[in-house]
Amino acid sequence: MLVALFIIISVTFFISKLLPGTPFADDKLTPHIRQQLFEKYGLDEPVTVQYVKYMANVAQGDLGNSFYFESRPVTQMILQRLPVSMFIGIQAVVFGLVVGMVLGIVAALRHNTVWDTLAVVIAIIGVSVPTFVLGPLLQYWLGLKLGLFPIAFFESYKYSVLPSLALSVFVVSTVARFIRTEMLEVMGQDYVTLAKAKGLSGLAVILRHVLRNALIPLVTVMAPLTIYLITGSLVVEQIFAVPGIGEQFVQSVVVNDYSMILGTTVFFSVLFIFALLIQDILYGIIDPRIRIAGAKE
Amino acid sequence: MASANGDNILRVEDLEISFSTQAGEVQAVRGVSFELRQGETLAIVGESGSGKTVTAKSLMRLLPEANTRIKGGEAIFEGQDLLKLSEKRMQAVRGPKIAMVFQDPMTSLDPTMKVGHQITESLKRHLGMSGNRARERAVELLEMVGIPNAEERVRQYPHQFSGGMRQRVVIAIALACEPQILIADEPTTALDVTIQAQILELLRDLQERIGTSVILITHDLGVVAQTAYRVAVMYGGKVVETGTVREIFYNPQMPYTWGLLSSIPLPTADRSQDLIPIPGSPPDMSDPPEGCPFTPRCPYAMRICAEEMPGYTTFSAEHKAACWLHHPMAPDVEPPVKVRDAR
Amino acid sequence: MDTRHRELEPGLFEAAEVDRDEGERIAGPRVGFWKDSWIRLKKNRGALISLAVVLFLFAMAFVIDPLLSPHSPYSQDLTRRYLGPTADYWFGTDEFGRDMWTRVWAGTRVSLYIGLLAALLDIFVGVVYGAISGFLGGRTDEVMQRGIEILNGIPYLIVAILAMIVFQPGIITISIALGLTGWTFMARIVRGRMLQLKNQEFALASRALGASGFRLVWKHLIPNSLGLIVINLMFTIPAAIFAEAFLSFIGLGIQVPEASLGSLISDGAGELRFHPYLLWFPSIIFCLLMICFNLLGDGLRDALDPKMRK
């Protein structure tokens, strides 16, 4: 996993070196000043040297300075915007998980009834309607027409509602579909029939046996969800003008702030790998079959 | 082999069960009747598709509600018809009165719950035991079914047990509340032969100690010989012959039973003996035949066999069979050589 | 019920002509695997409707609109800016007076092109890569898998974004970005299937009869993977369309004056306050595409799943 991270960062670095033009393409700069800037940023050194220096820096958490905002370190800029993005993201996930689980569980318990079909339809729509359609939709209906929530910027808690909502729809749908499938499969298992044969009440069977087994695989959804959140934040922050990491990233692309682009990409990659790691660990803890290697008689 | 002690503890009459599937109505059980005596082991024998598992599960009302219909019949236990009890009353029956052991020990236990907990669940629910007492009892039960190191094992998960051990756990769970009836659905089919013998012996043992009456479902006559006192042979959703083990093995009266016996090696046989399988395959239960279901595969079939279902002919207090060959107007036939020799 | 004493006709007790094979009659008519799946798919109304809608959208975008429409997606008419839907302009006009109807369908063409490209890449690169990797196994497989892991490790969108930056944003660039990473999932799946099939009995039997590697793959292993491949295609296409729309939305994809559904939605979102219709139309078409492909994919998955056969 660390290997993958290493490769990702390296590749990103080299790609950024391919970027056309130089970061300081502003015509107003005289060649002399440009040369000075180059030296300052170490851009005049051979690529391999730059590479080594860069990797060493990254390992220490130093992602260099933004080319656009000259004196500001990329790492600091990212971390500064992190809380907003995280807040909206985590709120979306929590909400999505809760609603998704309820939807999925109800659908499974009322399999082949109206509720089941309804839940499946909602879920399919949820995964098909992208955030960049949903966002404006929410802005229009809940924001403009009904005036319930603000549609841009981030001044107080209320401002986070619509962005999180927009993000959460996909989460709700994915989780609901997943849980429904898992539960249906578990409910058909022998051990559930045995639990019933023990004379346990329906509720007990579901709470103690079905749910536990059905929820465990949910952990595997973590990594894809993280990717979704990352890319989703790019969209949502644009639409709702939220000052988060995503918006900053898009901005840096527009102004060709290569250092920032590179730095944020590295950050995203780290986040993703981190999520994978946590997913693996969590799975190992939750599932007793993995936690305790089978010791047969 | 526990013998009868006179009283009926369970009486099943004319049980009819159908499933509605995409292919139409499947009549799995079409008029099954039998009795279970106090303290005995009754074996229900049949091929897959004969309706034996469906019958068993119906007694505990464990069949999927959505597409199962109990079309008729009754199952009288302790003065009540099990088929008509409400779900709530049924929950009080399952466990303390009637318990079940399933076929595949690898899938019968919840993989995410400790083995001990799976036992104490039952104890707490039905016997109202406190946590500590229940735990102690669980350990006792594990010891009773022959699991070494029970103290340690009780805290382990199912995947840490082998197949045979898991089946013992399942038995422990079933017997935790000392039920009056234990239904064992092919309890040894998924196990190695040597383990099989151990499990059967365990069942016999426990039965004597606790005094449970056992319904043993199997397709294996060898298992029947080892454990049962009485046998009910099922085919095509009906009971075609019942009797004591001796009667069935030494004086079978129905061609299907003859076929079953001819297709297994008997200990008394000499090596020149053929194993004669029964040709053909079980009937399609979505379109069941009018008459005797065994007709297409029966070497002695007569015209009336395909048209009408025969009634039972009684041969002794326990022994009866349903076959047109017993009608006075039917020709006399000799059962196949093997069966004759066994006598 | 004692049968001994009922009076019955003697003729009934003659030996019967019994069809021994009756029991062996296979319940239900014999049907090939594909036909069977098609029958099952037909029962799934959602999937069928989706199929119809997708075909319709294809037809609209590539055939009907180019033939019918009197307007061009580029021609501006500043005297007719921001018209809502009218008789002349079914979807209204945008800020430059361009006809939205044609623009939307032009955008749909772009999106569908991307989807098709993704599908083709899946087939020609993904399947081949996966088949080779899985079939050859051993070291070759390991090396090839590492390659995929690396490609996969980078979130696909980031690769696309980076590619956008290196090369000018535009349809070629998107195609390249897609080409680099969009097929890896298919490759993985096909490889897995190869590994699975390789060791099954029919493959061993075929080899025992002298089938060479290529023949084995071509005639046996690939046909047995077709179901899986088709299902996966149904999900790759919307994923690609989505990815392109996403990039266009951020401004990294299709640039003006070209249009893709994503860029149209992006523009529409900006005009939300006063001209929401600019958002609705491309959004509806886009969502229709997404929903239908997803439903189709789900339906196909159910239909091709042999475990569900009755």
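Computed from a predicted model, the values in this text were never measured in an experiment.

Draft legend 1. Representation of the overall build of chain B. Tallying secondary structure elements over chain B gives 13 helices and twelve strands in all. Scaling as 2.2 N^0.38, a compact globule of 343 residues should have a C-alpha radius of gyration of about 20 Å, and chain B matches this with 21 Å. Overall size of chain B, expressed as C-alpha extent along the three principal axes, is 70 × 50 × 40 Å. Burial status across chain B gives 51% buried among its 343 residues. Long-range contacts, defined here as pairs at least 24 residues apart, represent 66% of the contacts in chain B between residues at least 6 apart.

Draft legend 2. Quick peek at the overall build of chain C. For chain C, the count of helices and strands is eleven helices and zero strands. Sequence-ordered secondary structure for chain C, helices as α and strands as β, is α-α-α-α-α-α-α-α-α-α-α. Counting across all 310 residues of chain C, residues that qualify as buried make up 42%.

Draft legend 3. Summary view of helix H7 (residues 184–198) of chain C. If you check H7 of chain C, its first and last C-alpha atoms are 21 Å apart, about what 15 residues at 1.5 Å a residue would give, namely 21 Å. Among the residues of H7 of chain C, Thr184, Met186, Ala187, Arg188, Ile189, Val190, Arg191, Arg193 and Met194 of chain C are the ones counted as buried.

Draft legend 4. Region of the structure containing the environment of Cys292 of chain C. Residues and elements named next belong to chain C. Tracing the backbone shows Cys292 in helix H11 (residues 277–304). For Cys292, a count of 24 C-beta atoms within 10 Å translates into the label buried. Residues Cys292 and Ala47 lie 245 residues apart in sequence; the distance between their C-alpha atoms is 7.5 Å. If we ignore the near neighbours within four places in the chain, the residues touching Cys292 are Ser50, Val53 and Val54.

Draft legend 5. Local environment of the confidence of the model for chain C. Residue and element names in this part refer to chain C. Counting all residues, the mean pLDDT for chain C is 76, and 77% of those residues have values of 70 or more. Contacts for the low-pLDDT stretch residues 23–27, under 50 throughout, to residues beyond four places or in other chains number nine contacts. Scoring of the predicted complex yields 0.80 for pTM and 0.85 for ipTM.

Draft legend 6. Region of interest: the nonpolar core. Judged by nonpolar contacts, the single largest core of 227 residues is most densely connected at Ala172, Ile183, Ile215 and Val240 of chain B together with Ile265 of chain C. The biggest single contributor to this core is H11 of chain C, with 15 residues. Leaving out residues up to four positions away in the same chain, Ile215 of chain B has contacts with Leu36, Leu42, Ile44, Ala56, Ile181 and Ile183 of chain B.

Draft legend 7. Geometry of the sheet that holds strand E6 (residues 98–101) of chain B. Residues and elements named next belong to chain B. Strand order in the open sheet formed by eight strands is E6-E7-E8-E3-E9-E10-E12-E11, and the pairing between neighbours is mixed. Only two strands of the sheet have a single partner each, and these edge strands are E6 and strand E11 (312–314). Strand-to-strand twist in this sheet, taken as the mean axis angle between neighbours without regard to direction, amounts to 20°. For E6 and strand E7 (residues 181–185), the ladder comprises four bridges, and the chain directions are parallel. Opposite Val101, over in E7, you have Ala184 as the bridge partner.

Draft legend 8. Geometry of the interface of chain A and chain C. Taken together, the 35 residues of chain A in the interface contact 31 residues of chain C. The set of elements that each furnish at least two residues to the side of chain A that touches chain C consists of helix H1 (2–18), helix H5 (114–128), helix H6 (131–145), helix H10 (222–239), helix H11 (245–254) and helix H12 (258–286) of chain A. In the side of chain A that touches chain C, the residues fall into 28 nonpolar, seven polar and no charged.

Draft legend 9. Layout of unusual backbone geometry. Look at Ala241 of chain A: it is not a glycine, yet its phi comes out positive at around 50°. Summarising the element assignment, Ala241 of chain A is placed in the loop between H10 and H11. Note on Ala241 of chain A: 14 C-beta atoms within 10 Å, which makes it partly exposed. Despite not being glycine, Arg61 of chain B shows a phi value in the positive range, around 55°. For Arg61 of chain B, the location among the structural elements is in the loop between helix H1 (52–59) and strand E4 (68–77).

Draft legend 10. Structural view of the packing of helix H7 (residues 158–187) of chain A against helix H9 (residues 202–215) of chain A. All names here are of chain A. Relative orientation of the contacting elements H7 and H9 amounts to 130°, with a least axis distance of 9 Å. Between H7 and H9, the angle falls in the class oblique. The two elements H7 and H9 meet at a crossing, and its hand is right-handed. Counted together, Ile179, Glu182, Met183, Val186 and Met187 of H7 and Val210, Asn213 and Ala214 of H9 form the full contact between these two elements.

Draft legend 11. View of the sheet that holds strand E2 (residues 24–37) of chain B. Residues and elements named next belong to chain B. The four strands lie next to each other as E2-E1-E4-E5, forming an open sheet whose pairing is antiparallel. Pairing within the sheet leaves two strands with one partner each, and these edge strands are E2 and strand E5 (80–81). Bridge count for strand E1 (residues 8–21) against E2 is eleven bridges, and the pairing is antiparallel. Following the sheet pairing, Leu15 is matched in E2 by Val32.

Draft legend 12. The pairing of strand E8 (residues 213–218) of chain B, seen in detail. Residue and element names in this part refer to chain B. Of all six residues in E8, six are buried; the element is thus mostly enclosed. Where burial is concerned, the two faces of E8 agree: the one with Ser213, Ile215 and Ile217 and the one with Val214, Leu216 and Thr218 are both buried. Pairing analysis gives five bridges linking strand E3 (residues 41–45) to E8, with the strands arranged parallel. Bridging from a neighbouring strand, Thr41 pairs with Val214 of E8. Two strands pair when backbone bridges link them, and E7 and E8 are joined in this way by five bridges, in the parallel orientation. The residue bridging Leu182 from the neighbouring strand is Val214, located in E8.

Draft legend 13. Summary view of the environment of Glu334 of chain B. Tracing the backbone shows Glu334 of chain B in the loop between strand E12 (320–322) and helix H13 (337–342). Taking the number of C-beta atoms within 10 Å as the measure of exposure, Glu334 of chain B has 8 and is therefore exposed.

Draft legend 14. Up close: the packing of helix H3 (residues 100–136) of chain C against H7 of chain C. Residue and element names in this part refer to chain C. Viewed as axis vectors pointing N to C, H3 and H7 meet at an angle of 35°, and their least axial separation amounts to 7 Å. The interaxial crossing formed by H3 with H7 has right-handed handedness. From H3, Asp122, Gly126, Val127, Tyr129, Gly130, Ala131, Ser133, Gly134 and Phe135 reach across to H7, where they touch Met186, Ala187, Arg188, Ile189, Val190, Arg191, Gly192, Met194, Leu195 and Lys198. Taken together, the residues that form the contact of H3 with H7 break down as ten nonpolar, five polar and four charged.

Draft legend 15. Representation of helix H3 (residues 47–59) of chain A in the model. Its 13 residues give H3 of chain A an end-to-end C-alpha distance of 18 Å, which sits within 8% of 18 Å, the value for a rise of 1.5 Å per residue. In the segment just after H3 of chain A, Gly61 of chain A is the residue with positive phi, at about 90°.

Draft legend 16. Highlighting the environment of Ser269 of chain A. In this fold, Ser269 of chain A is placed in helix H12. The buried category is assigned to Ser269 of chain A, around which 22 C-beta atoms lie within 10 Å.

What counts and what doesn't
Chains are numbered independently. Their residues run from 1 in the order of the written sequence. Starting at A for chains and at 1 for ligands, labels are handed out in the order in which the entities are written. Reporting in this predicted model follows two pLDDT cut-offs: at least 70 for local features of residues, and 80 or more for side-chain atom pairs to be given and counted; totals over whole chains, interfaces and linings ignore these cut-offs and use all residues. Where helices and strands are cited, they refer to DSSP runs of H or I of at least four residues and of E of at least two residues respectively, numbered from the N terminus. Just to be clear, the radius of gyration here is over C-alpha atoms, and the globule rule we use is 2.2 Å times residues to the power 0.38. Buried means a residue has 20 or more other C-beta atoms within 10 Å of its own C-beta, exposed means 12 or fewer, and partly exposed covers the counts in between; C-beta atoms are placed from the backbone. We call two residues in contact when their backbone-placed C-beta atoms lie within 7 Å. Given a helix with a known number of residues, its expected span is that number minus one, times 1.5 Å. Here pLDDT means the predictor's own confidence in every residue, given as a number from 0 to 100. What makes a nonpolar core is a set of buried Ala, Val, Leu, Ile, Met, Phe, Trp, Tyr and Cys residues, with links drawn between C-beta atoms within 7 Å. When DSSP locates at least two bridges between a pair of strands, those strands are taken to pair. Structural elements are reduced to axes, namely lines fitted to C-alpha atoms, with helices fitted over the stretch in contact, and the angle between N-to-C directions of any two is expressed from 0 to 180 degrees. By the convention adopted, Pro, Cys, Tyr, Trp, Phe, Met, Ile, Leu, Val and Ala count as nonpolar, Lys, Arg, Asp and Glu as charged, and the other residues, Gly among them, as polar. To sort the angles, those under 35 degrees are grouped as roughly parallel, those over 145 as roughly antiparallel, those from 65 to 115 as roughly perpendicular, and the leftovers as oblique. What makes a crossing left-handed is the near helix being turned counterclockwise from the far one by less than a right angle; a clockwise turn instead makes it right-handed.

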